[in-house]
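Structural description and commentary
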Amino acid sequence: MSYPPPPGGWQDPQSAPPVDPYAPVDPYAGAKSPYPPPAGDPYAAPAGYAAPAGYPPPGAYPPPYPGYAPASRTNTLAIVALVLALVGFTSCITAPIGAIMGHVARKQIRETGEQGEGMAKAAIIVGWILTALLVALIIFYVVMIVIAINSDSSSSSY
């Protein structure tokens with residue numbers, strides 16, 4: 001059942017759409033221009049115009065830009081290898097693990113085309129350098145212990 005409209009042109013305020021008081025107001029809304037609308041393509045060259053040598057003909061637009069292609073992913077193993085190689089500064093055992101994982105990451109990067117080649121190389125370099133320093137330190141300690149044992153046993157004579 002529908003009701004007839006109220007007398008006097010009154011309208012129900014709930015039936016009208018709400019007005020946004022912060023909406024921009026166009027002062028020229030509904031105004032007519034004194035100029036006629038342009039005919040044809042407003043960007044077209046005037047009649048009889050010839051483009052200079054080396055320029056495209058009038059009306060030719062440049063090709064559109066290629067679409068945005070997101071960068072490929074960074075190899076996760078390369079990131080982990082670099083982190084383990086750098087943690088090797090404090091916990092010497094992770095340096096060779098990081099170096100080995102760097103080799104595996106480089107192989108994966110060559111096969112899949114992912115990013116992270118530099119991180120894998122850095123993991124390999126840092127990992128093997130720290131491993132070599134660790135081995136040199138162990139050898140130094142062993143030599144020092146052997147020297148200390150030999151000097152202690154030879155100096156005690158009764």
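Reading the values: the criteria
- In this convention, every chain numbers its residues from 1, walking through the sequence in written order.
- At least 70 in pLDDT is required for a residue's local features to be given in this predicted model, at least 80 for side-chain atom pairs to be given and counted, and no such filter applies to totals for whole chains, interfaces and linings, which use all residues.
- The side-chain quantities take in all heavy atoms of the structure and omit both hydrogens and water.
- A run of H or I in DSSP counts as a helix once it spans at least four residues, and a run of E counts as a strand once it spans at least two, with each numbered from the N terminus.
- Note on definitions: a residue-residue contact is assigned when non-hydrogen atoms from the two residues lie within 4.5 Å.
- Surface exposure here means Shrake-Rupley accessible area, sampled with a 1.4 Å probe, where a residue is shielded only by the protein chains that are shown.
- Working definition: a ring pair exists when centres of Phe, Tyr or Trp rings (six-membered ring for Trp) sit within 6.5 Å. Plane angles under 30 degrees give stacked, over 60 give edge-to-face, the rest tilted.
- Type-normalised accessible area, obtained with a 1.4 Å probe on protein chains alone, sets the label of each residue: buried when under 20%, exposed when over 50%, and partly exposed for intermediate values.
- As used in this record, nonpolar core signifies buried Ala, Val, Leu, Ile, Met, Phe, Trp, Tyr and Cys residues forming a set joined through side-chain atoms within 4.5 Å.
- Note on definitions: angles span 0 to 180 degrees between N-to-C directions of axes, and those axes are lines fitted to C-alpha atoms, for helices only across the stretch in contact.
- Angle categories are assigned with fixed cut-offs, so that under 35 degrees is roughly parallel, over 145 is roughly antiparallel, 65 to 115 is roughly perpendicular, and the rest are oblique.
- Definitions for this section: a left-handed crossing has its near helix turned counterclockwise from the far helix by less than a right angle. A right-handed crossing has that turn clockwise.

Let's shift gears to the overall build of the protein chain. Helix and strand counts for the protein chain stand at three helices and zero strands. Within the protein chain, residue pairs in contact and separated by at least 24 positions form 59% of the contacts whose partners lie at least 6 positions apart. Accessible surface for the protein chain amounts to roughly 13,200 Å². Of this, 68% is attributable to carbon and sulfur atoms.

All chains considered together, the criterion is met by one aromatic pair. Pairing F140 with Y141 gives two aromatic rings, centres 6.2 Å apart and planes at 45 degrees, and the pair type is tilted. Accessibility expressed as a relative area gives 46% for F140, which makes it partly exposed. Residue Y141 is classed as partly exposed on the basis of its relative accessible area, which comes to 48%.

Its place among the elements puts I100 in helix α2 (residues 94-112). For I100, a relative accessible area of 47% corresponds to the partly exposed category. Note: C-alpha distance between I100 and G127 (27 residues apart in sequence) is 8.1 Å.

In terms of nonpolar packing, the biggest core is built from five residues, these being A81, L82, A85, M101 and A123. Looking at this core element by element, the count peaks at three residues for helix α1 (residues 76-87). Not counting residues within four places of it along the chain, the set of residues in contact with A123 comprises A81, L82, A85, G98, A99 and G102.

Bringing the packing of α1 against α2 into the picture now. Axis separation between α1 and α2 bottoms out at 7 Å; the angle between their running directions is 160 degrees. Here α1 lies roughly antiparallel to α2, going by the angle between them. The hand of the α1/α2 crossing is left-handed. When α1 is examined against α2, the residues L77, A78, V80, A81, L84, A85 and V87 are found in contact with a partner set consisting of T94, A95, I97, G98, M101, G102, V104, A105, Q108 and I109.

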